[in-house]
Amino acid sequence: MEENISISNLNDFIFCPRSIYFQNLYKKYDKHLYHNKVQTSGKNAHKSIDSKNYSSKKSILQGIDVYSEELGLIGKIDLFDQESKTLIERKNKIKRIYDGYYLQLYAQYYCLIEMGFEVNNLKFYSISDNKSYPVKIPEINEKNYLKHIIHKMRTFDLTNKDFKQNRNKCEKCIYRELCDYYDE
Ligand code: SF4
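Residues numbered from 1 in each chain as written. Predicted model: local features only at pLDDT ≥ 70, side-chain atom pairs only at ≥ 80, totals over all residues. Heavy atoms only, no water.

Caption draft 1: Expanded view of the pairing of strand β7 (residues 121–126). Relative to β7, strand β6 (residues 86–91) runs parallel, the two sharing 6 bridges. Among the inter-strand pairings, K91 is bridged to a residue of β7, identified as S126. Viewed along the sheet, the connection from β6 through helix α5 (residues 99–114) into β7 turns out right-handed. Taken together, the 5 bridges between β7 and strand β8 (residues 131–135) define a ladder with antiparallel strand orientation. Looking at β8, one finds that F124 is bridged to Y133. Hairpin geometry of β7 and β8 is characterised by an intervening segment of 4 residues between the two adjacent antiparallel strands and by a positive phi of about 55 degrees at N130. (Pairing = 2+ DSSP bridges. Helix = DSSP H or I, 4+ residues; strand = E, 2+ residues; numbered from the N terminus. Right-handed = clockwise from strand over helix to strand, strands pointing away.)

Shown next, in the form of structure tokens:
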């Protein structure tokens with residue numbers, strides 16, 4: 001049986017496939033040791049999800065576990081408003097919506113659908129500047145793209161010598177001191 005893919009790893013994989021290796025290797029250590037400022041503030045933005053104190057409104061589901069057998073995905077959603085049937089992913093500050101953000105939201109959407117929820121709206125919410133970014137419900141192309149990335153994650157080989165790093169990304173990568181592909 002194939003191992004399930006964690007929804008939270010999708011964005012990291014898009015950033016750099018090798019970063020997943022370091023993330024899994026070091027996740028048992030205190031995250032403050034290697035999280036940069038941006039990621040730490042992002043984590044803090046999500047603390048209210050983990051402690052489930054964002055809203056007392058009964059229609060809001062927060063931080064619930066979700067699963068898709070079809071796609072082999074597990075993870076958590078951020079917020080789902082059952083009244084408006086809106087799935088919301090909050091980020092600390094959204095300057096640009098990256099492919100990885102979309103994939104995470106699509107993955108959460110397909111999990112909820114498979115679990116029997118009706119989801120009619122998707123959106124990102126940027127906390128620090130109070131901006132919302134509606135997202136179209138994914139269709140077959142988006143689902144196929146998600147499946148393609150999941151397949152790439154399952155088959156990625158860390159020892160593949162054909163891997164080419166993106167130097168701009170390496171400069172921003174929190175694992176760069178650990179990675180053979182980073183040279184200053
Ligand atoms: S340093 Fe570069 S190649 Fe290594 S994990 Fe980070 S982004 Fe990827």
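Caption draft 2: Structural context of the pattern of salt bridges. Counted by the stated rule, this structure contains 7 salt bridges. Linking D65 and K76 is a salt bridge whose minimum nitrogen-to-oxygen distance equals 2.9 Å. Residue D65 is found in strand β3 (residues 65–68), and its partner K76 is found in strand β4 (residues 73–76); the two are separated by 11 residues along the sequence. A relative accessible area of 52% means that D65 is categorised as exposed. In this structure, K147 and E70 form a salt bridge, with 3.9 Å as the shortest nitrogen-oxygen distance. Here E70 lies in the loop between β3 and β4 and K147 lies in helix α6 (residues 140–155), a separation of 77 residues in the sequence. Residues joined by salt bridges that share partners form a network here, namely E70, K143 and K147. (Salt bridge = Lys/Arg side-chain N within 4 Å of Asp/Glu carboxyl O. Buried < 20%, exposed > 50% of the residue type's maximum accessible area, 1.4 Å probe, protein only.)

Caption draft 3: Region of the structure containing the site of the ligand. Around the ligand lies a shell formed by C16, R18, S19, F163, Q165, C170, C173, R176, C179, Y181 and Y182. Each residue belonging to the shell around the ligand can be placed in one class, and the counts come to 7 nonpolar, 2 polar and 2 charged. (Near = heavy atom within 4 Å. Nonpolar A, V, L, I, M, F, W, Y, C, P; charged D, E, K, R; others polar.)

Caption draft 4: Spatial organisation of the nonpolar core. In terms of nonpolar packing, the biggest core is built from 30 residues, with L10, L73, L87, L122 and L146 touching the most fellow members. Among the secondary structure elements, those contributing two or more residues to this core are α1 (7–15), α5, β7 and α6. Sort the elements by how many residues they give to this core and α5 lands first, with 9 residues. Setting aside chain neighbours within four positions, we find L122 in contact with L87, L105, Y106, Y109, Y133, P134, V135, K136, I137 and P138. Counting 7 residues, the second largest nonpolar core, distinct from the first, contains C16, F22, C173 and Y181. (Core = buried A, V, L, I, M, F, W, Y, C linked by side-chain atoms within 4.5 Å. Contact = heavy atoms within 4.5 Å.)

Caption draft 5: View of the sheet that holds β4. Reading across from one edge, β1-β4-β3 is the order of the 3 strands in this open sheet, with mixed pairing throughout. Pairing within the sheet leaves two strands with one partner each, and these edge strands are β1 (5–6) and β3. Sheet analysis places β1 next to β4, joined by 2 bridges and oriented parallel. By the bridge assignment, I5 is partnered in β4 with L73. Against the sheet, α5 makes contact with β3 and β4, and its axis sits at roughly 85 degrees relative to β3, the strand it touches most. (Axes fitted to C-alpha atoms, helices over the stretch in contact; angles between N-to-C directions.)

Caption draft 6: Representation of the packing of aromatic side chains. Under the counting rule described, the total for this entry stands at 11 aromatic pairs. Taking 6.0 Å as the distance between ring centres and 85 degrees as the angle between the ring planes, the aromatic pair formed by F13 and F156 counts as edge-to-face. Taken together, the residues span a long stretch of sequence, with F13 in helix α1 and F156 in the loop between α6 and α7 (167–172) at a distance of 143 residues. Ring geometry for Y98 versus Y101: centroids 5.4 Å apart, planes at 80 degrees, classification edge-to-face. We classify Y98 as partly exposed; its relative accessible area is 37%. Judged by relative accessible area, Y101 falls into the buried class, the value being 13%. Sitting above the plane of the F163 ring, R18 keeps its charged end 5.9 Å from the centroid. Its end group placed over the ring of Y101, K91 keeps NZ or CZ at 4.4 Å from the ring centre. (Phe/Tyr/Trp six-rings, centres within 6.5 Å; stacked < 30°, edge-to-face > 60°. Lys NZ or Arg CZ within 6 Å of the ring centre and 35° of its normal.)

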